[in-house]
Amino acid sequence: MSDASNVAPKVAIITGASQGLGEGIADAYRACGWRIVGVSRSIAASQSDDWITVAGDVADPETAKRAVMAARDRFGRVDTLVNNAGIFIGEHFTDYTV
Ligand SMILES: NC(=O)c1ccc[n+]([C@@H]2O[C@H](COP(=O)([O-])OP(=O)(O)OC[C@H]3O[C@@H](n4cnc5c(N)ncnc54)[C@H](OP(=O)(O)O)[C@@H]3O)[C@@H](O)[C@H]2O)c1
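Because the structure is predicted, anything quoted here is derived from the model rather than measured.

What counts as what
- Residues numbered from 1 in each chain as written.
- Predicted model: local features only at pLDDT ≥ 70, side-chain atom pairs only at ≥ 80, totals over all residues.
- Heavy atoms only, no water.
- Pairing = 2+ DSSP bridges.
- Helix = DSSP H or I, 4+ residues; strand = E, 2+ residues; numbered from the N terminus.
- Axes fitted to C-alpha atoms, helices over the stretch in contact; angles between N-to-C directions.
- Contact = heavy atoms within 4.5 Å.
- Phe/Tyr/Trp six-rings, centres within 6.5 Å; stacked < 30°, edge-to-face > 60°.
- Buried < 20%, exposed > 50% of the residue type's maximum accessible area, 1.4 Å probe, protein only.
- Near = heavy atom within 4 Å.
- Polar contact = N/O pair within 3.5 Å; in protein donor to acceptor, adjacent residues only side chain to side chain.
- Areas by Shrake-Rupley, 256 points an atom, 1.4 Å probe, with all protein chains shown as cover.
- Nonpolar A, V, L, I, M, F, W, Y, C, P; charged D, E, K, R; others polar.
- Core = buried A, V, L, I, M, F, W, Y, C linked by side-chain atoms within 4.5 Å.

**Student:** Would you take a moment to explain the sheet that holds strand E2 (residues 35-40) for this structure?
**Tutor:** The strands making up a sheet associate through hydrogen bonds between their backbones, and the pairing can be parallel or antiparallel. Read from one edge of the open sheet, 4 strands run E3-E2-E1-E4, paired in parallel fashion. Looking along the sheet, the strands with just one partner apiece sit at the ends: strand E3 (51-55) and strand E4 (80-82). Recorded for the sheet is a direction-independent mean angle of 20 degrees between the axes of neighbouring strands. In this structure, strand E1 (residues 11-15) lies alongside E2, joined through 5 bridges in parallel fashion. Bridge pairing in E2 links Val 11 to Arg 35. Relative to the sheet, helix H1 (residues 20-31) contacts E1, E2, E3 and E4, its axis offset from that of E1 by approximately 170 degrees.

**Student:** Looking at this structure, I do not really get the environment of Cys 32. What am I missing?
**Tutor:** Within the secondary structure, Cys 32 is located in the loop between H1 and E2. Once the C-alpha coordinates of Cys 32 and Asp 73 are considered, the two residues, 41 residues apart in sequence, prove to be 22 Å apart.

**Student:** Could you clarify how one ought to interpret the packing of aromatic side chains in this entry?
**Tutor:** Using the criterion set out here, one finds 2 aromatic pairs in the structure. When the centroid spacing of 4.8 Å and the interplanar angle of 80 degrees are considered together, the rings of Tyr 29 and Trp 34 count as edge-to-face. Classification of Tyr 29 by relative accessible area gives partly exposed; the value is 22%.

**Student:** Sorry, what's going on with the site of the ligand here?
**Tutor:** By nearness alone, 15 residues border the ligand, and Ser 18, Leu 21, Arg 41, Ser 42 and Asn 84 come closest of all. Within the backbone of Leu 21, a nitrogen or oxygen atom sits 2.7 Å from an oxygen atom of the ligand. Taking Gly 86, its main chain carries an N or O atom lying 3.4 Å from an oxygen atom of the ligand. A total of 890 Å² of accessible area belongs to the ligand in isolation, and the protein chains cover 60% of it. Partitioned by chemical class, the residues of the shell around the ligand number 4 nonpolar, 9 polar and 2 charged.

**Student:** Teacher, can you tell me more about the pairing of E1 here?
**Tutor:** Looking along a regular strand, one sees the side chains alternate between the two faces of the sheet. Judged by how many residues are buried, E1 sits mostly within the fold: 5 of 5 residues are covered. Here E1 shows no split at all, with Val 11, Ile 13 and Thr 15 on one side and Ala 12 and Ile 14 on the other all buried. When E1 meets E4, the two strands line up parallel, connected through 3 bridges. If you follow Ala 12 over to E4, its bridge partner there is Thr 80.

**Student:** Any chance you could explain the nonpolar core here in plain terms?
**Tutor:** Counting 10 residues, the largest nonpolar core consists of Val 11, Ile 13, Val 37, Val 39, Ile 52, Val 54, Ala 67, Ala 70, Ala 71 and Phe 75. Mapped by element, the contributors of at least two residues to this core are E1, E2, E3 and helix H2 (61-75). When residues of this core are assigned to their parent elements, the largest contribution, 4 residues, is made by H2. If near-sequence neighbours (up to four positions away) are discounted, Ile 13 is found in contact with Val 37, Val 39, Ala 67, Val 68, Ala 71, Val 78, Thr 80, Leu 81 and Val 82. Core analysis: the second largest hydrophobic core is formed by 9 residues, Ala 12, Ala 26, Trp 34 and Ile 43 among them.

It is worth stressing that arrangement in space is one thing and function is another; only the former is reported here.
This is how it looks when you write it as structure tokens:
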């Protein structure tokens with residue numbers, strides 16, 4: 001028989017989590033009991049047990065590595081990525097640059 005109290009909380013990495021939609025998505029996940037790694041260039045350090053932050057630019061692959069390492073080291077897993085940080089580019093996807 002399963003016991004929900006023994007199930008490790010799920011973990012989401014959410015980019016663009018310092019404000020706007022990303023912040024709201026992070027709040028909603030936290031309200032559901034998830035642990036969060038929030039990423040943005042200027043995100044503030046967290047004092048919370050369920051929420052850690054990684055300051056960095058998502059255009060830099062090192063930021064993704066640091067976010068995954070932070071999730072693994074602090075929470076032991078990654079279940080979901082919310083790839084929210086971004087800008088609108090009016091080009092065909094195949095014309096995007098890195
Ligand atoms: N709001 C809308 O009506 C709407 C509609 C359609 C699509 N979207 C899309 O939804 C996403 C969020 O929109 P929003 O309105 O919530 O935007 P927003 O309020 O401007 O917030 C953007 C977030 O992304 C972070 N960010 C931006 N560039 C980044 C980068 N290079 N690396 C890391 N973090 C970065 C920002 O923090 P820092 O500045 O600290 O990096 C901030 O936390 C965007 O991709 C937007 O294109 C929004």
